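Coordinate inspection notes
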Amino acid sequence: MINRVSSPQAAVSSPLVARDRAAGRPVAAGQDDHGAPPAPPDSGLSVEDLRQIAALQATDRQVRIHELAHMAAGAGLAGGATFIYQVGPDHQRYAVGGEVSIDTSPGNDPAATLAKAQQIRAAALAPADPSPQDQKVAAQAAQMASVARLELAAQDNAERRGETGQASNPRLRAAVAAYQSVADGPGQTGFSAVA
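Residues numbered from 1 in each chain as written. Predicted model: local features only at pLDDT ≥ 70, side-chain atom pairs only at ≥ 80, totals over all residues. Heavy atoms only, no water.

Side note on unusual backbone geometry
Even without glycine at this site, histidine 91 takes up a positive phi of about 70°. Along the chain, the position of histidine 91 falls in the loop between strand 3 (78-87) and strand 4 (93-102). (Helix = DSSP H or I, 4+ residues; strand = E, 2+ residues; numbered from the N terminus.)

Laid out in C-alpha cells, this is it:
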C-alpha cells in the first residue's frame, strides 16, 4: 500500500502558476485553458476525460492518506486497508473509498482496556476528515474507556477498604457488570473510513 501511495500518479507537487494572457486567469503549468492536463497526442482522451482522471487521482490520494492515518494511529490494533475502486477513462483503477478494520475487544484488565480504548479512539479520529463511521467508532471507544475507568475506580475503592472480590457499593457493582458486558461483547469489528 505504501508503494502505491508513493507512485508517480499519487505524488503531486504544487504546480507553477502562469497567467492565461487571453483570459487573465491563473492556469497551472502543464494544463490547458480548461484546467485539464494536456493529453498526449495519441491518447484519444477528451478534455472531459482528462478532467475526470484528474478528479479520480485527487480522490485516490485523499482516500489513501485517510486510510494510512487510521493504520498509523492504530498500529498493533489496525489491519490493512481495503479499497473500493473505480475505473477511469484511461482504464486505470482509482480508490474512491476504503476501510481499515480494528480490534475493539477489551484488554485483559481494566487498565489495558482503557489504554486500548484510547488508541482505538485516536485511530478513528486520526484523519483530518473523519467520516461519520469513524466518529461512531470513536464514540464507542470513549464509552469503552468510561466503563474501564469505572472498573478501575471500583477496584481502587475495594483496595482502600481492604475488601476482596467485588465492591459492596451497588453503583460500583453496576459498573463492574457494565464492564463485563462490554468485555464479553464481539471480539473484532471494523470501521469504514470513507473519504
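Topic: the pattern of salt bridges
Evaluated as defined, the whole model comprises four salt bridges. The salt bridge involving glutamate 48 is made with arginine 51; its shortest N-O contact spans 3.7 Å. Here glutamate 48 and its partner arginine 51 are both found in helix 2 (residues 47-73), three residues apart, which amounts to about one turn of the helix. A salt bridge links aspartate 103 to lysine 116, with the shortest nitrogen-to-oxygen separation between them at 3.1 Å. One end of the pair, aspartate 103, is in the loop between strand 4 and helix 3 (110-124); the other, lysine 116, is in helix 3, with 13 residues separating them in the sequence. (Salt bridge = Lys/Arg side-chain N within 4 Å of Asp/Glu carboxyl O.)

Thoughts on helix 2
A rise of 1.5 Å per residue sets the reference length of helix 2, with its 27 residues, at 39 Å; its end C-alpha atoms lie 40 Å apart and thus fit the reference within 8%. Along helix 2, the positions that sit buried rather than exposed are Leu50, Ile53, Leu56, Asp60, Val63, Arg64, His66, Glu67 and His70. (Expected span 1.5 Å × (residues − 1). Buried < 20%, exposed > 50% of the residue type's maximum accessible area, 1.4 Å probe, protein only.)

Note that all results are geometric; they support no functional claim without further evidence.
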